[in-house]
Amino acid sequence: MNGLPILSIITFAPLVAALVVLLLNNERAIKTWSVVSSFVIFLLTLWLWFAVDPKALGPGEFAFLEEYSWIPAINVFYRMGVDGLSVPLITLTGLLTFLSIFYSTYVINHRVKEYFFLFLFLEVGMFGVFTSLDYFLFYVFWEIGLVPMYFLIGIWGGPRREYAAIKFFIYTLAGSVLMLLAILGLYFSTGTFDLTALPGQELFGGNFVLKSLAFWGIFLAFAIKVPMWPFHTWLPDAHVEAPTAGSVILAGILLKLGGYGFLRILMPIFPDVFNAYWPVVAVLAVISIVYGALVAMAQWDLKKLIAYSSVNHMGYAMLGIAAAAATLNSSDPAVLDSRAIAVNGAIFQFIAHGLITGALFFLVGVIYERAHTRDLKAFGGLGAVVPKYYAFMAAATFASLGLPGLAGFVSEFMVFRGAFALIPYIAAIGVLGIVLTAAMYLWKIIQMVFLGPLNEKWKDLPDMHWWEIATLTPLVILFTLFGVYPKPILDYVNAGVVALLDLMS
Amino acid sequence: MESILNYTPLIPVFPIVAFLSIILLTRDNKRLSSTIAIVGAALAWLLSWAVFFASLGAKLAEHPYVQELAWLPTGSSIFKMSVMVDPLTAIMLVMVPFVATLIFIYSTGYHNVGKREISEEEWLRLTRSGGKEMPEAPYVEPKYSRFFAYVSLFLAGMLTLVVSGNLLLLFIAWEIMGLCSYLLIGFWFYKDSAANAAKKAFLTTRVGDVLLFMGLALLYSKTGSLNLYEILTAEKIELLKEATVTLGFMSIPALPTIALLIFGGAVGKSAQFPLHVWLPDAMEGPTPVSAMIHAATMVAAGVFLVARMLPLFEPLEGSWWLNVVALIGAFTAVFAATIAVAQNDIKRVLAYSTISQLGYMFAALGIGGFIAGVFHMLTHAFFKALLFLGSGSVIHGMEHGVHHVAHHNHGHGEHHDHPDPQDMWNMGNLRKHMPETFWTYLVGTMALAGIPIITAGFWSKDEILAEAYEIWTHEGLTQGAIPFIVWLLLTIGAVLTAFYMGRQLGLVFWGKERTEAAKHAHESPRSMTVPLMVLAIFSIGFGWINIPDNTPVLGPLTESLGIAGWLHEFLAETHIAALGEKYHGVPFVMQVAGLSSLLAIAGLVGGIWLYKGVTGDATVSAFERDPVARLFAKIPLIGKPLWRMLENKYYVDEIYSALVVRPVVAFADFLFKFDDAWIIDPIVNGVGRFGRFIADVGRLIDVYVVDGTVNLVGFMADELSAGLRRLQTGRVQNYLVILLAGVLALAGLFLS
């Protein structure tokens, strides 16, 4: 609380930028302003990355803490703070939002002002979730994120945009309502919304049934967001209909809000309940892995395929979290390390998936802008005419199928390394996903689109434009760099994870 | 000496730099690109040999040279990557970059550098037709630079694998090679066959990779490390023997589980039964790639891995899971050899031969013959690279003939089909047209067949057979049942090998030209034949590094040169930290060597003799032209189907397609229906509709049961929904204003 309220500045900077958008009337000015401001915001998040030293933070400690009483009547505080868990996701949000806005300036020419306003506004919600340390505040930001996304899908989306937008909205809202009840329950039981104080408190006087009810209520909200099977069906529709940049943010950040919730809220506040119910979570995670890969394999729409592959990929992250939950009551040092590795893997998967799937959705946009179709059967042999596009797509798909040397592998390795030590029989089923995703990508994307005889229809298809290359290059560089040398990221994350896990032991 | 070892991590860096500079900078300059690749490989080769010489006498078995790099923080500990040099690494460094450099040089000629560039239009015609409408030869490969980029990365992967001291780094290199093999098998991506083969190779090996991945995850969680020099110690292996893996209600012992999972990875990468199916199809890639994959690099990786991890298999006592390795290897050796006898494509014969020879290596490792297995891997690398490059030269010559004939006939307006330049039945008498290719090919064939004394293949194969023979004669048939089976199967394999190679020589180089194209085949350029000659020298000379000192005449001779059993001396202590003792030497056994020599000569000569006089080209049915097929046809009832079964590789592909591929795809389609059309999403929508229904019911109650107050609520709901509809169709600004008001209100609350 000393010096500048850094986190508030970062969180609300996009709001200020969005308000300025409202004041501008020239489309060109709006676009330039959005790119510049989102870039500056990204630089702020990057600065935050270097300004926070997660290793200096002990269990339950946070950097740049801000705390103001907000609604004293019910003990609600405006409380923000960050640690090794949240900063990487904040920086990722800054990066993906900037790239999305940059890319959008070239493809969005319809209702420009609203679009960029909403996009910047969306960033406020995402930042807010990652920075808030008061459950009430968290909930407010959690809900704020829904609204701009609803409109982004509903206005700039594909043919079935209204159905998809409403489904997205209602589905996530339904989950949130249960979480709200659970939050109120927590409040009436402990008298606080403080996420730094709730861990370690005895809830509901030790009544396990009530604790379980609250746990499942919150679980549902997060599981829908992740999404875990069987709560995933909003995702393919939302992704397919959303505009390119909307899909990027949806997959890149919004899904991570759910995963982040598991780690920031469910695990530390309900360690015993989570430990009791871990098999359910683990089984749902493994189903998500295998089922997501198989259903993705059945797709003929490129975008829908990638949407389902997210179910698979987030399943890996959830498997890591479930494996950690399985042993929350153990204090064997070997188990402690395995647990840390599993959770590290989950968070690294958030980041890797954000970069890789973000790139994949951009690439879908690239081809759709040209061909006006995403039907995989309509392509074939494009490697002969669009070699640059082929190279980018190959890099992203191989990253996504977990090729060692690229970021996706690092998280898969850590998740399975952790899971095999803690719950080997479930992990053994999960590895099926590794083979299935490889089959799915190589067959459905690489072969159907790029290999084989060139389809006559596309012989004049133009290769990638400079701005498309500019959007994708940072992502490719990052997921390669983090795959070859993940230590910089993991030094950061590991410190946060160790602190988090120490909190529970 | 130590100071040179410090540069070991640089070895793979040269080809990586070559890869990056070609991809990013010199793509458009073909000759420069291939020069960069060759320089990168050559520098890696020079440094590798320097490291090898530095390792001589450095006592690396007991204290491997190690360099570490912190890579992953893992809770309270840290995961370190490492580079390691021990005798096994050092000897691999002799072979890998050297063979690769030769292959790179050869590739410049194979891809016709300096010849005509094809036009944009020809390129489109080529790709549109899926590779059928080829431009007039010779033309330089349009994706020439990309080829050299890929093979450079491939080499970098193999070199990383060899110098890796850490199993995760090894796995990364292993998969990078998988990627490169995918890209290279599918190099002519516009051909459907190439695209399918590439996919098949990647996915089949990935099945093995996943097993390996699980093995590593378990090994890491049990030992707390993946560094070889930390795991392969007596203490850690004791620990693994005690450890178990809990699977639900039962516990299984950790050591065999981990060892077999690792072996599973090797089975995929080294194309052993039942994961061998990808390798013959991998022939779709350019021939230098086949040499690269089948000789110097990727397939050797599986053998290398098992040799590396052999202490986990308890090689000195012989464990049941070590027997699994022996049996899979020996079975594959014979299984693949029988298929090779019935193949017609020159490269396919070699592909099955590779599978079979890799089986020899695993069989050797599987009876504890660490040195014999590694020795055969080394000699095989030289002569199989020679044979593949030689077959590439043959195909190159044949393609010239095919184009010549096509061009010649063009004026006459005759209808003609292009004969397949890879089908051996379209060849014949090529020793007249391609003498240099012929002589070198002959050397390679003799080495593979194991012609005694003068070939490297004889010495390495003999060592495997002698090792097996020694054990079973020493221990008796009950104790030594496995070595006996190995010895028997490999001896049968030896005669089959000699025979199918004799058949190939007879069909390709002897007899009469069976097509016009063969008559116009011509010798390949120097850039291709010189690497063949160098490899031929090694295919003969490399056997001298491990001649047992009790060999008549040659034993004393090599002893006086100081190289008798040199490889044995060099490698014997490799696993001493884990095993506590060194590997035993294998003496020269006259009965074994005599028998296998006789079989090799008989098979090879018999093959040439049977096939040199055949008539009938590729268009004639096998039962008319092929003497062995005719022999099969004489067996009533089962004869012809039996031959067909060999020709069709025991229908393994078909079985996998029916049992694995199609069910998985069908299941995926079913799940999607389940997800989207039948169960899950309909439930979601059903809940939605139910919600609306409840709302409607509520509305009816409102209207008919409750009074006007409630009607007012309904009215408001109507208004609200009308408002929402408006928002969605047009006036976001209005909503934004509301949103803003909300935010301001919140901010107001906050400020108060």
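The written sequence of each chain sets the order in which its residues are numbered from 1. The lettering of chains begins at A and the numbering of ligands begins at 1, in the order of writing. Residues qualify for local features only when their pLDDT is at least 70, as the model is predicted, and side-chain atom pairs are given and counted only at 80 or more; totals for whole chains, interfaces and linings, by contrast, use all residues.

Once that is clear, we can look at the overall build of chain B. What chain B contains, in helices and strands, is 34 helices and 4 strands. Across its three principal directions, the C-alpha atoms of chain B cover 115 × 80 × 60 Å. Contact between two residues is assigned whenever their backbone-derived C-beta positions fall within 7 Å. Across chain B, contacts joining residues at least 24 apart in sequence account for 77% of those joining residues at least 6 apart. Secondary structure follows DSSP: runs of H or I at least 4 residues long count as helices, runs of E at least 2 residues long count as strands, and numbering of each begins at the N terminus.

Our next topic: the overall build of chain A. Of the regular secondary structure elements, chain A holds 19 helices and 2 strands. For 505 residues, the compact-globule estimate of 2.2 N^0.38 gives 23 Å, and the C-alpha radius of gyration of chain A, at 22 Å, lies within 12% of that figure. Here chain A holds 505 residues, and 65% of them are scored as buried. Across chain A, every contact between residues at least 6 apart in sequence was considered, and the portion connecting residues at least 24 apart equals 81%. Between the two quantities, the radius of gyration covers C-alpha atoms and the globule rule is 2.2 Å times the number of residues to the power 0.38. Buried residues are those with 20 or more other C-beta atoms within 10 Å of their own C-beta, exposed residues have 12 or fewer, and partly exposed residues lie in between; C-beta atoms are placed from the backbone.

Let us now look at the interface of chain A and chain B. Taken together, the contact between chain A and chain B spans 59 residues of the former and 57 residues of the latter. With 8 residues, helix α17 (residues 432-450) of chain A is the single largest residue contributor to the side of chain A that touches chain B. Gly is placed with the polar residues, together with every amino acid not listed as nonpolar (Ala, Val, Leu, Ile, Met, Phe, Trp, Tyr, Cys and Pro) or charged (Asp, Glu, Lys and Arg). Class assignment for the residues of the side of chain A that touches chain B results in 42 nonpolar, 9 polar and 8 charged.

Between A:Trp229 and A:Pro230 the backbone carries a cis peptide bond, its omega angle lying at 0 degrees. Looking at where A:Pro230 falls in the secondary structure, it is placed in the loop between α8 (208-225) and α9 (234-241). Along the chain, B:Phe273 connects to B:Pro274 via a cis peptide bond; the corresponding omega equals 5 degrees. Relative to the helices and strands, B:Pro274 is located in the loop between α11 (254-269) and α12 (278-281).

What follows concerns the pairing of strand β2 (residues 77-85) of chain B. All names here are of chain B. Within β2, 7 of the 9 residues are buried, which leaves the element mostly enclosed by the surrounding structure. The rule for pairing is simple: two strands pair if DSSP sees at least two bridges between them. Note: strand β1 (residues 65-74) against β2, 9 bridges, orientation antiparallel. Paired with Thr74 across the two strands is Ser77, which belongs to β2. Between β1 and β2, which pair antiparallel and follow one another directly, the connecting turn spans 2 residues, one of which, Gly75, has a positive phi of 65 degrees.

As a further point, take the pairing of strand β3 (residues 244-247) of chain B. Residues and elements named next belong to chain B. Here β3 pairs with strand β4 (residues 250-253) via 4 bridges, running antiparallel. Bridge pairing in β4 links Val245 to Ile252. If you look at the hairpin formed by β3 and β4, you'll find 2 residues sitting between the two strands, and Gly248 has a positive phi there, around 60 degrees.

On to the packing of helix α2 (residues 13-26) of chain B against helix α3 (residues 30-55) of chain B. Residue and element names in this part refer to chain B. Taken N-terminus to C-terminus, the directions of α2 and α3 make an angle of 170 degrees; their axes are 8 Å apart at the nearest point. By the angle class used here, α2 and α3 are roughly antiparallel. Note on packing geometry: the crossing formed by α2 with α3 is right-handed. When α2 is examined against α3, the residues Phe14, Pro15, Val17, Ala18, Ser21, Ile22 and Thr26 are found in contact with a partner set consisting of Leu32, Ser33, Ile36, Ala37, Gly40, Ala41, Leu43 and Ala44. Only C-alpha atoms enter the line fits that serve as axes; for helices the fit covers just the stretch in contact. Angles between N-to-C directions range over 0 to 180 degrees. Our angle categories are set so that under 35 degrees counts as roughly parallel, over 145 as roughly antiparallel, 65 to 115 as roughly perpendicular, and the remainder as oblique. Crossing handedness is read from the near helix: turned anticlockwise from the far helix by less than a right angle, it gives a left-handed crossing, and turned clockwise, a right-handed one.

The next thing to look at is the packing of helix α11 (residues 271-297) of chain A against helix α31 (residues 652-678) of chain B. Contact geometry for α11(A) and α31(B): axes closest at 7 Å, N-to-C directions at 100 degrees. It follows from the interaxial angle that α11(A) and α31(B) lie roughly perpendicular. Of the residues in α31(B), those in contact with A:Tyr291, A:Leu294, A:Val295 and A:Met297 of α11(A) are B:Phe667, B:Ala668, B:Leu671, B:Phe672 and B:Asp675. When its residues are assigned to classes, the contact of α11(A) with α31(B) shows 8 nonpolar, no polar and 1 charged.

This paragraph deals with the confidence of the model for chain B. Residue-level confidence of the predictor is summarised by pLDDT, bounded by 0 at the bottom and 100 at the top. With 93% of its residues at a pLDDT of 70 or more, chain B has an overall mean of 87. At the level of chain-chain contacts, confidence expressed as ipTM amounts to 0.91, with global pTM at 0.90.

Before going further, it helps to spend a moment on helix α27 (residues 590-611) of chain B. Residues and elements named next belong to chain B. Under the 1.5 Å per step criterion, the end-to-end length of α27 is 31 Å for 22 residues, consistent within 8% with the ideal 32 Å. Of the residues making up α27, those classed as buried are Val592, Ala593, Ser596, Leu599, Ala600, Gly603, Leu604, Gly607, Ile608 and Tyr611. Within α27, the buried residues cover an arc of 145 degrees as seen down the axis, which keeps them to one side. Opposite the buried face of α27, by more than 90 degrees, sit the exposed residues Met590, Gln591, Gly594 and Leu598. Here the expected span of a helix is defined as 1.5 Å times the quantity of residues minus one. Working note: the arc is built from the helix axis to C-beta atom directions.

On to the confidence of the model for chain A. The share of residues in chain A with pLDDT of 70 or more is 100%, and the mean pLDDT across the chain is 92. Averaged over each element, pLDDT in chain A is lowest for helix α16 (residues 424-430) of chain A (88) and highest for helix α3 (residues 86-107) of chain A (96).

It is worth spelling out the environment of A:Leu181 at this point. All names here are of chain A. Following the sequence through the fold, Leu181 ends up in helix α7 (residues 161-190). On the basis of neighbour counts, which here come to 14 C-beta atoms within 10 Å, the residue Leu181 falls in the partly exposed class. Leu181 sits 21 residues away from Arg160 along the chain, and the two C-alpha atoms are 32 Å apart.

Right, let's get into the environment of B:Thr233. Residue and element names in this part refer to chain B. Following the sequence through the fold, Thr233 ends up in the loop between α9 (228-231) and α10 (234-242). Remark: the alpha-carbon pair of Thr233 and Leu212, spanning 21 residues in sequence, is separated by 20 Å. Sequence-distant contacts of Thr233, that is, excluding residues within four places in its chain, are made with Ala577 and Ala578.

Quick look at the environment of A:Leu319 now. Residues and elements named next belong to chain A. Following the sequence through the fold, Leu319 ends up in helix α12 (residues 302-326). Between the alpha carbons of Leu319 and Trp278 there is a distance of 9.9 Å; along the sequence they are 41 residues apart. In contact with Leu319, other than residues within four places in its own chain, are Ala282, Ala285, Val286, Ile289, Val415, Ala419 and Gly430.

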